[in-house]
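# Tertiary structure, described
Letter by letter, the chains look like this.
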Amino acid sequence: MSLRHLLSCTLLATALAAAMPAAYAAEDPDVARLSRRLTAVDADPGLNGFGAYERLQARQAVQVLAEASRRDRDGAFYVAERRVQIAEIAARSQAAQREVDRLDRERSDLLVEASRRDAERARAEAERLRLQAQMQAEEAERLRAQAAADALAIQDADAALATVGDAQTAKLNAAREREAALARQEAELMAGGKLPASKREARGEVFALNRDAFGAGKSALGGAAAGQVRTLAAYVQAGPSASVKVEAQAGDAKLAQRRADAIRDALVAGGVPKSKIQSSGRSGKGDRVDVVVADK
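Residues numbered from 1 in each chain as written. Predicted model: local features only at pLDDT ≥ 70, side-chain atom pairs only at ≥ 80, totals over all residues. Heavy atoms only, no water.

### A short note on the overall build of the chain
Counting secondary structure elements, the chain contains 8 helices and 5 strands. Counting helices and strands in the order they occur from the N terminus, the chain gives α-α-α-α-α-α-β-β-α-β-α-β-β. Expressed as a percentage of its 296 residues, the buried residues of the chain come to 30%. For the chain, the proportion of contacts with a sequence separation of at least 24, taken over those separated by at least 6, is 72%. Carbon and sulfur atoms form 54% of the exposed surface of the chain, whose accessible area is close to 18000 Å². (Helix = DSSP H or I, 4+ residues; strand = E, 2+ residues; numbered from the N terminus. Buried < 20%, exposed > 50% of the residue type's maximum accessible area, 1.4 Å probe, protein only. Contact = heavy atoms within 4.5 Å. Areas by Shrake-Rupley, 256 points an atom, 1.4 Å probe, with all protein chains shown as cover.)

Here it is, written out as structure tokens:
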């Protein structure tokens, strides 16, 4: 229904209400009651803008009731009462629909705003992670440069070993220790974990995995041990190691061998060439696993 039509209906309904003879309302209580109901809708600021056409029909039906003969009055009253009821319902329904539409628009606006804020948070988080990754890459590059410088210092020390005594040998060992320490730092930074405890022996640097690296009777690495082996793989790649030997001991030799192979496979998955790794298992009292990293 067009706006012009609605305005016309509203004006016509108002005119009919004003034109209804006061005598009819005074003589007929039904006419007065129905007229008051319509007047209440007209006076309600929340409803008087709705149901204009239905209110016009109701005014016309009340007018017909006011002018009806005794014989036609019952039918006219039924129609008038229903028209007034329809006008009231139409006004309330249209007002409610207008409110529903307003709430839907507000909800859509809120959803759009929420999506915009989510996108902004996602962009900020992505930028934070990018900067963090850049800082880690720069730190790793610094450690690699330092390791290269220390390796050069070790080469210079090796060239001078022919003419130096115990003091020079101590310096060489210190330089190797620094190189190993830098390699540890780089490995832990890149892998995001910690290396297991180690000690230096004649055969190389020996890393001892925790006793809970494997469950009782199991050959699958636990979560913490898997992280240590992943970090150990990064350490082997960062340093000048020539070979790696995995030595496992358990009450059952076959279980020990499976555990040694599991660690070997984890090192290979971490980037260590399989050709550089030996794995062996033996039976013995108590469970233990050592990873021996031999120098060149």
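So much for the structure itself; the text now carries on.
### Focus on the packing of helix α3 (residues 29-43) against helix α4 (residues 52-67)
It is the contact of α3 with α4, at a shortest axis distance of 10 Å, that shows an interaxial angle of 160 degrees. With respect to each other, α3 and α4 are oriented roughly antiparallel. Viewed along their axes, α3 and α4 form a crossing whose handedness is left-handed. Touching V31, L34, S35, L38, T39, V41 and D42 of α3 are R55, A58, R59, V62, L65 and A66, all from α4. Taken together, the residues that form the contact of α3 with α4 break down as 8 nonpolar, 2 polar and 3 charged. (Axes fitted to C-alpha atoms, helices over the stretch in contact; angles between N-to-C directions. Parallel < 35°, antiparallel > 145°, perpendicular 65-115°, else oblique. Left-handed = near helix turned anticlockwise from the far one by under 90°. Nonpolar A, V, L, I, M, F, W, Y, C, P; charged D, E, K, R; others polar.)

### Regarding helix α8 (residues 253-269)
Relative to the 24 Å expected for 17 residues at 1.5 Å per residue, α8 spans 24 Å between its end C-alpha atoms, a close match to the ideal helical length. For α8, every residue scored as buried is listed here: L255, A256, R259, A260, I263, R264 and L267. Two or three places before K254, at the opening of α8, D252 has a side-chain oxygen 3.3 Å from that residue's backbone nitrogen. Count one or two residues on from α8 and you reach G271, which has phi positive near 110 degrees. (Expected span 1.5 Å × (residues − 1). Polar contact = N/O pair within 3.5 Å; in protein donor to acceptor, adjacent residues only side chain to side chain.)

### As for helix α7 (residues 223-238)
In this model, α7 (16 residues) spans 23 Å end to end at C-alpha, consistent with the 22 Å of a helix rising 1.5 Å per residue. Looking at α7, one finds that the buried residues are A225, G227, Q228, V229, T231, L232, A233, A234, Y235 and V236.

### Description of the side chain of R55
Along the chain, the position of R55 falls in helix α4. The class for R55 is buried, based on a relative accessible area of 6%. At a separation of 2.9 Å, a polar atom in the side chain of R55 contacts the main-chain carbonyl oxygen of N48.

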